[in-house]
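Per-entry structural report
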Amino acid sequence: MGEIIWLGVLLGVGAALSVGPIFVTIVQEAATRGFQASFRVILGSATADLVLLLPALAFSWIIAQVAAASLWVGLFGALCLSYFAIEALRDARRLWHAEMAAATPLSWSFWKGVVGNLANPLTWTFWLATGTPTMLRTYELGGAMGLILFTVIWFVVASGLEALIALAISRSGNVIGPRGQAVFTSVSSIMFFALAGMLVMQSVIL
């Protein structure tokens, strides 16, 4: 049981702190729209993982087929990240000039989490190479209850850490002011463009 708990904690920490599209989206939403919007990104990302979790465990060959089509997944992901980058630049400009926030529905933050996760080929590769084998290992160790415990710990740790990061960034506006948050958002835009380029290169190489 101890190994199951540690596997859940380690995978959760690794997922939360890895700098990828979701991490950058959480930072950008927290800096521009506050904690509630960034938390919706976290929920959206977790929903996307749940969408992949069940077929990953039951039909790992499906994910292998999708991973083989990583070029198309990567190109779609690059387009989505490029759009996120342009949106972040607009938000940075608005913050820098202390303009009112655009009336973007909070539901869009949730879908940014879903799309940002599913459009990332590394997510599919993760489930094929890491997620599924780890889940099978926990099933061997503790059966169905061990697998459930591992999954709950993993999601709670990952989402909890992401939420703490989002809360800290959303509260930073009182310390660094709108222009400081504009800098945060500009860096997010650069990261989105960089991640989009990386996805294209990785997809072409693969």
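For the structure itself, look to the data block above.
Residues numbered from 1 in each chain as written. Predicted model: local features only at pLDDT ≥ 70, side-chain atom pairs only at ≥ 80, totals over all residues. Heavy atoms only, no water.

With that settled, the discussion passes to the overall build of the protein. Looking only at helices and strands, one finds eight helices and zero strands in the protein. Taken from the N to the C terminus, the helices and strands of the protein come in the order α-α-α-α-α-α-α-α. Look at the contacts in the protein between residues 6 or more apart in sequence, and 85% of them connect residues 24 or more apart. Surface summary for the protein: the accessible area is close to 10,300 Å², and the carbon and sulfur share equals 75%. (Helix = DSSP H or I, 4+ residues; strand = E, 2+ residues; numbered from the N terminus. Contact = heavy atoms within 4.5 Å. Areas by Shrake-Rupley, 256 points an atom, 1.4 Å probe, with all protein chains shown as cover.)

Tallying each qualifying case throughout the model produces four aromatic pairs. An angle of 85° between the planes, with centres 5.2 Å apart, marks the rings of Phe110 and Trp111 as edge-to-face. Overall, the relative accessible area of 47% leaves Trp111 in the partly exposed class. On the numbers, 5.4 Å between centres and 45° between planes, the contact of Phe150 with Trp154 is tilted. Taken as a pair, Phe150 and Trp154 lie in helix α7 (residues 121-171) at a separation of four residues, close to a single helical turn. Considered together, Phe150 and Trp154 belong to a single accessibility category, that of buried residues. An aromatic cluster is present here, built from Phe150, Trp154 and Phe155 joined pairwise through their rings. (Phe/Tyr/Trp six-rings, centres within 6.5 Å; stacked < 30°, edge-to-face > 60°. Buried < 20%, exposed > 50% of the residue type's maximum accessible area, 1.4 Å probe, protein only.)

The nonpolar side chains of a soluble globular protein tend to be buried, and buried together. With 13 residues, the main nonpolar core has Leu53, Trp127, Met135, Phe150 and Trp154 as its most contacted residues. Residues Ile22, Val27, Ala163 and Ile169 belong to the second largest nonpolar core, which totals ten residues. (Core = buried A, V, L, I, M, F, W, Y, C linked by side-chain atoms within 4.5 Å.)

Bringing the side chain of Ser109 into the picture now. Structurally, Ser109 is set in helix α6 (residues 106-118). Ser109 sits in the buried class, given a relative accessible area of 1%. Each residue touching Ser109, except ones within four places of it in the same chain, is listed here: Glu29, Ala37, Arg40 and Val41.

With that out of the way, let us pick up the pattern of salt bridges. Across all of its chains, the model carries two salt bridges by this definition. Linking Glu29 and Arg33 is a salt bridge whose minimum nitrogen-to-oxygen distance equals 3.0 Å. Here Arg33 and Glu29 lie together in helix α2 (residues 21-33), a separation of four residues that amounts to about one turn. For Glu29, a relative accessible area of 1% gives the class buried. Here Lys112 and Glu29 are joined by a salt bridge, their closest N and O atoms 2.9 Å apart. Of this pair, Lys112 sits in helix α6 while Glu29 sits in helix α2; the two residues are 83 residues apart in sequence, bridging distant segments of the chain. Judged by its relative accessible area of 0%, Lys112 falls in the buried class. Residues participating in the shared-partner salt-bridge network are Glu29, Arg33 and Lys112. (Salt bridge = Lys/Arg side-chain N within 4 Å of Asp/Glu carboxyl O.)

Another aspect to go through is a nonpolar patch on the surface. A surface patch of nonpolar side chains, about 290 Å² in accessible area, is lined by Phe35, Phe39, Leu43 and Leu167. A total of three residues in the nonpolar patch trace back to one element, the largest contributor, which is helix α3 (residues 35-58). Position of Leu43 among the secondary structure elements: in helix α3. (Patch = residues over 30% accessible without salt bridge, like charges linked within 9 Å, V, L, I, M, F, W, Y side chains within 5 Å.)

Attention now goes to the environment of Arg179. Structurally, Arg179 can be placed in helix α8 (residues 173-205). Sequence separation between Arg179 and Leu95 is 84 residues, and the spatial gap between their C-alpha atoms is 6.1 Å. The residues touching Arg179, leaving out its near neighbours within four places in the chain, are Leu95 and Trp96.

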